[in-house]
Amino acid sequence: MPADTFVARLNEQIGHEFAAHQQYVACAVHYDAETLPQLARFFYRQALEERDHAMMMVQYLIDADADVAIPGVPAPQSTFADIVAPVALALEQERRVTQQINGLAATAREAGDYTSEQFMQWFIKEQVEEIATMSDLLRVVERSRDDPMEIENFMAREHSGDESDDPTAPHLAGAE
Ligand SMILES: [Fe+2]
Ligand SMILES: [Fe+2]
């Protein structure tokens, strides 16, 4: 059984991941409304990744025979001042989640729950990538804020493909 302290925090984290999903859908909708389909597509896809993270955590708790209580989420921010604001918000969110993920690993270790600590390793690696992606994107949108088509071209060039399948990713609840 995973440590009670870890189970409680992981249940909270499921809420944070679903909140991130909602926030990225809101960002995507903003760009869709502005007719910036590449940016919209990127955020729709990011949203799905956040849902996947939540479902990996759900599966871990189910496999460990621990209690799962799906939390409610606060409403996301859905109006933005300009083309840069959603990306700045996304980077801030990823930094916050990174701290939460590190905190989860620390909680597991303090409780001597090394299985759960190991479960968090994939998420630690994932956060490094997400911060790098959002930092790069923020630089691009800031540099080309007056030329949205330049940003759209960048997205089409650099972020057109789907994320490659990661065989080390934890199993998702509900997935085949
Ligand atoms: Fe996430
Ligand atoms: Fe993320």
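So, a few notes on the structure that sits alongside this text.

## Re the overall build of the protein
Then, number 1: Helix and strand content of the protein: 5 helices and 0 strands.
Then, number 2: Start at the N end of the protein and walk to the C end: the helices and strands fall as α-α-α-α-α.
Then, number 3: Rg of the C-alpha trace for the protein: 17 Å, near the compact-globule value of 16 Å for 176 residues, within the 12% margin.
Then, number 4: Dimensions of the protein, computed from C-alpha atoms along their principal axes, come out at roughly 55 × 30 × 30 Å.

## With respect to helix 4 (residues 114-143)
Then, number 1: Look at helix 4: 44 Å from first C-alpha to last across 30 residues, which is about the 44 Å you get at 1.5 Å a residue.
Then, number 2: At Gln-121, helix 4 shows its largest kink, close to 25°.

## Focus: the side chain of Glu-117
Then, number 1: With respect to the helices and strands, Glu-117 occurs in helix 4.
Then, number 2: Its relative accessible area of 10% is what places Glu-117 among the buried residues.

## Remarks on unusual backbone geometry
Then, number 1: Although it is not a glycine, Thr-35 adopts a positive phi angle of roughly 55°.
Then, number 2: With relative accessibility at 58%, the residue Thr-35 sits in the exposed group.
Then, number 3: The residue Asp-65 is not glycine, and still its phi comes out positive at about 65°.
Then, number 4: Its location among the elements puts Asp-65 in the loop between helix 2 (37-63) and helix 3 (85-110).

## What about the coordination of the iron ion (ligand 2)?
Geometry sets the ideal angles at a metal, namely 109.5 degrees for four tetrahedral donors and 90 or 180 degrees for six octahedral donors.
Then, number 1: Donor atoms from the polypeptide that coordinate the iron ion (ligand 2) comprise Glu-50 (OE), Glu-94 (OE), Glu-94 (OE) and Glu-130 (OE), at 1.7 to 2.5 Å from the metal.
Then, number 2: Considering all 4 donor atoms around the iron ion (ligand 2), angles at the metal cover 54 to 145° and the coordination shape is irregular.
Then, number 3: In this structure the iron ion (ligand 1) is found 3.4 Å away from the iron ion (ligand 2), and Glu-50 serves as a bridging donor for the pair. Of the two residues, Glu-94 sits in helix 3 while Glu-130 sits in helix 4, which places them 36 residues apart along the sequence.
Then, number 4: A relative accessible area of 1% means that Glu-94 is categorised as buried.

## Looking at the coordination of the iron ion (ligand 1)
Then, number 1: Coordination sphere of the iron ion (ligand 1), protein contribution only: Glu-17 (OE), Glu-50 (OE) and His-53 (ND1), at 2.1 Å.
Then, number 2: For the iron ion (ligand 1), all donor residues lie on one chain, and their spacing in sequence is E-x32-E-x2-H.

## Comments concerning the packing of aromatic side chains
The geometry of an aromatic ring pair is captured by two quantities: the separation of the ring centres and the angle between the planes.
Then, number 1: Following the criterion strictly, the structure yields 7 aromatic pairs and no others.
Then, number 2: Ring geometry for Tyr-60 against Phe-119: centres 4.1 Å apart, planes inclined by 15°, an arrangement best described as stacked. Highlighted residues: Tyr-60 in helix 2 and Phe-119 in helix 4, separated in sequence by 59 residues.
Then, number 3: Residue classification places Phe-119 among the buried positions, given a relative accessible area of 12%.

Criteria and cut-off values
Residues numbered from 1 in each chain as written. Chains lettered and ligands numbered in written order. Predicted model: local features only at pLDDT ≥ 70, side-chain atom pairs only at ≥ 80, totals over all residues. Heavy atoms only, no water. Helix = DSSP H or I, 4+ residues; strand = E, 2+ residues; numbered from the N terminus. Rg over C-alpha atoms; globule rule 2.2 N^0.38 Å. Expected span 1.5 Å × (residues − 1). Bend = angle between axes of the 7 residues up to and from the residue. Buried < 20%, exposed > 50% of the residue type's maximum accessible area, 1.4 Å probe, protein only. Donors = N, O, S within 2.8 Å, 3.2 Å for Na, K, Ca; no water. Tetrahedral: all angles 85-135°; square planar, octahedral: opposite > 155°, others 65-115°. Phe/Tyr/Trp six-rings, centres within 6.5 Å; stacked < 30°, edge-to-face > 60°.

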